[in-house]
Amino acid sequence: MFSSFNIHPFVLVSTFLLLIGILIRSLKAKRRGAYPLPPGPPGELILGHFRVIPALGPEHKYIEWGMQYDSDILYFNVLGRPIIVINSVKVAHDLLDKRGANYASRPRFWGPQFKLHRKILQQSFTPSACKSYRGIQQEEARRACRQILEDPEDWETLARRFSSGVVMRIGFGVKIKDKDDPYIQMAVDADTATGNGGTPAGTIVDFFPLIRHLPNWLARSAPLRHARNSKFAIQRLHDEPWAATEPEVKSGQAKGPSFMRTHYERYFKNVEEGKANEMTLADIKGAAGAISIAGGNTTWSTIVVCILHLILYPEVQRKAKAEIDAVTGGDRLPTFGDREKMPYLEYVIEETTRCVPLSPLGVPHASLEDDLYEGMLIPKNSIIYANAQAMTHDERIYSNPDVFNPDRYVPKDQGGLGEPLPEGPFGFGRRVCLGRHLALAGVYIFMAHLLATFDLKPIKDSDGNEIPPRFELTVGLSSKPEHFECSIVPRNDKVKGFYKDQDE
Ligand code: HEM
């Protein structure tokens, strides 16, 4: 987990002194109260589980340990900081939902002003508020698929343009013009920042926060360098769209709806009327930026993972297309009005989030006070990982969990397995993803357009043999799929007619 411990000797000496403190803290934690901690593998004297938890794919090791210790809740201690891993939906509900107030915090890397951003964002992305963004999502899906018709090789960038285009329009009112638009590169840079930083709250910087003040030559930690480079990319995705749209919004010339416009206008109206403002302009910018950062890469990655599985499982693709054609007659593009008539496509999307949770360990929460769960102590200030990989692949709930099978959700009274829709890919409790309704609507409209228009196939080698696409994910706050080769071809000549008269 913490393999990048590559630091100057000066830091090592200071670290030694720190370790003494850690040892005292660890011993104190062990002696705390009469209640046992949740089970887990043995750690080392000072480092705890620092070297025990693997750097890559820790979620899989946590699943193994859960079985070994026959427990859905595990305890670790890294450099004196308690870590709790939750491996089942039941425990996640019991702690993160039912006792949400105690588990609503984040480890130190989240700023306090985010609480206010969350409150404001939450109101903007309820299921009914999301309906007002459908026009934007539909227009961007049409535009992206029309461009894929012209340039199928570039489907991946065009899918990214769709997802970034939607969140940039909703956040700031910025319209991404084409795939070479500089905003695309900004979104890619921000994706790299959030998608490659290593296991969240699992790097040396998270346990020695003071290291982040050291110059690069002194602390040669890869995650630290990554965090520093990322800061610029993330800031840019706030500053540039804000600067580009502010003059229009200020002068009342902005056309479409956007989060920024709504709150900017409200802010100055309050100023005029002498009323207090809850948010500063910097808060409005921060919240609008959060929409672009949190919503672009995640939606795009879900689409790419869905495409990949539809290529690997051609029978699922065939069924999804048959459902779409039955609703549209194969004569038009699907709309949001068709969504409830396409339960199979909905299951395909849910199955995508189940098979590959993009944040396999969730985004870590932190506990505020000591808590007791089934006779076990969960210490105050623990880092809490909700292991979405464990929950979505729990064999007690899902049959053959590694198989992509949207039919698993078909209710029993309709002849299906009646397995529950996945919980975990969007997190839990008071920090649950507030963009989930928007994200699922975006994936629906994009995939419905894509499947109405194209066949998604593996590429072939020179002998005509199919080469199945390769599947790999980066490791970060939200992972993203690595590039894979595939072939996207129009289903027939008629589909081109779907895109005539499109307003660009
Ligand atoms: C398929 C796409 C998406 C996935 C898989 C996803 C996943 C997640 C996860 C796992 C969390 C952490 C939840 C927790 O801590 O328990 C989260 C938080 C968040 N998501 Fe999403 N998300 C997606 C799309 C979006 C979109 C489109 C938006 C934009 C509106 C968004 C905005 C946020 C925000 C602002 C947070 C932070 C919430 C907080 O800390 O209070 N997400 N998301």
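Here is what the cut-offs are and how they apply
- Residues numbered from 1 in each chain as written.
- Predicted model: local features only at pLDDT ≥ 70, side-chain atom pairs only at ≥ 80, totals over all residues.
- Heavy atoms only, no water.
- Pairing = 2+ DSSP bridges.
- Helix = DSSP H or I, 4+ residues; strand = E, 2+ residues; numbered from the N terminus.
- Contact = heavy atoms within 4.5 Å.
- Axes fitted to C-alpha atoms, helices over the stretch in contact; angles between N-to-C directions.
- UniProt positions renumbered as here; feature names shortened; annotations may be inferred.
- Buried < 20%, exposed > 50% of the residue type's maximum accessible area, 1.4 Å probe, protein only.
- Parallel < 35°, antiparallel > 145°, perpendicular 65-115°, else oblique.
- Left-handed = near helix turned anticlockwise from the far one by under 90°.
- Nonpolar A, V, L, I, M, F, W, Y, C, P; charged D, E, K, R; others polar.
- Core = buried A, V, L, I, M, F, W, Y, C linked by side-chain atoms within 4.5 Å.
- Near = heavy atom within 4 Å.
- Polar contact = N/O pair within 3.5 Å; in protein donor to acceptor, adjacent residues only side chain to side chain.
- Salt bridge = Lys/Arg side-chain N within 4 Å of Asp/Glu carboxyl O.
- Expected span 1.5 Å × (residues − 1).
- pLDDT = per-residue confidence, 0-100.

1. Re the sheet that holds strand β3 (residues 365-366)
Judged by pairing direction, the sheet is mixed, and its four strands sit side by side in the order β1-β2-β6-β3 without closing on themselves. Across the chains shown, the open sheet's two edge strands, defined by having one partner strand only, are β1 (73-78) and β3. By the bridge criterion, four bridges tie strand β2 (residues 81-86) to strand β6 (residues 383-386) in an arrangement that is parallel. Residue pairing in the sheet places Ile84 in a bridge with Ile384 of β6. Relative to the sheet, helix α2 (residues 58-68) contacts β1 and β2, its axis offset from that of β1 by approximately 120°. Helix α3 (residues 89-97) rests against β1, β2, β3 and β6 of the sheet, and its axis sits at about 130° to β2.

2. Re the UniProt feature "binding site: heme" (unreviewed entry) in the protein
Here the UniProt-annotated "binding site: heme" (unreviewed entry) positions come out as Cys433. A relative accessible area of 29% means that Cys433 is categorised as partly exposed.

3. Thoughts on the packing of helix α4 (residues 114-124) against helix α12 (residues 281-312)
Running from N to C, α4 and α12 cross one another at 65°; their axes reach a closest spacing of 10 Å. When the axes of α4 and α12 are compared, the pair comes out roughly perpendicular. At the point where α4 passes α12, the crossing takes the right-handed sense. Mapping the contact onto sequence places Phe114, Leu116, His117 and Leu121 in α4 and Asp283, Gly286, Ala287, Ala290 and Ile291 in α12. Residue composition of the contact of α4 with α12, by class: six nonpolar, two polar and one charged.

4. Considerations on the nonpolar core
Core analysis: the largest hydrophobic core is formed by 85 residues, its most contacted members being Phe125, Leu345, Phe446, Met447, Leu450 and Leu456. Here this core takes 15 residues from α12, the largest share from any one element. In this structure, Phe125 is in contact with Cys130, Tyr133, Ile170, Ile291, Leu434, His437 and Leu438, ignoring residues within four places of it in sequence. One finds Ile86, Ala92, Tyr103 and Ile378 within the second-largest nonpolar core, a separate group that totals 17 residues.

5. Looking at the site of the ligand
Taken together, 21 residues lie around the ligand, and Arg106, Arg118, His365, Arg431 and Cys433 are the ones closest in. One nitrogen or oxygen atom from the main chain of Val363 is found 3.4 Å from an oxygen atom belonging to the ligand. Contact distances for the ligand include 2.8 Å between an oxygen atom and a side-chain N or O atom of His365. Per element, the largest residue contribution to the shell around the ligand is six residues, and it comes from α12. Taken together, the residues that form the shell around the ligand break down as 11 nonpolar, seven polar and three charged.

6. Comments concerning the pattern of salt bridges
A complete count under the given rule lists 32 salt bridges for this structure. For Glu140, the salt bridge is made with Arg169, and the minimal N-O distance between the two is 2.8 Å. Remark: Arg169 occurs in helix α7 (residues 155-172) and Glu140 occurs in helix α6 (residues 134-150); sequence separation between them is 29 residues. The same class applies to Glu140 and to Arg169, which are both buried. Glu273 is the salt-bridge partner of Lys269, the closest N and O atoms lying 3.4 Å from each other. Assessed through its relative accessible area of 48%, Lys269 is described here as partly exposed.

7. Details of helix α14 (residues 343-355)
Here α14 contains 13 residues, and its C-alpha end-to-end distance of 18 Å stays within 8% of the 18 Å for a straight helix at 1.5 Å per residue. For α14, a buried count of 12 out of 13 residues is recorded, marking the element as mostly surrounded by other parts of the structure. If you follow the buried residues of α14, they end up packed against α12, α13 (314-328), α15 (388-392) and α16 (436-453).

8. Quick word on the confidence of the model for the protein
Confidence along the protein averages 88 in pLDDT terms, with 84% of residues attaining 70 or more. Ignoring residues within four places in sequence, the model shows residues 1-5, a span with pLDDT below 50, making 21 contacts including any to other chains. Predicted complex, confidence summary: ipTM 0.99, pTM 0.90.

9. Points about the environment of Gly165
Turning to its location among the elements, Gly165 is positioned in helix α7. The exposure class assigned to Gly165 is buried, which follows from its relative accessible area of 0%. Separated by 28 residues in the primary sequence, Gly165 and Gln137 place their C-alpha atoms 8.8 Å from one another. Ignoring any residue separated from it by four or fewer positions in sequence, one finds Gly165 in contact with Glu140, Arg160, Val174 and Ile176.

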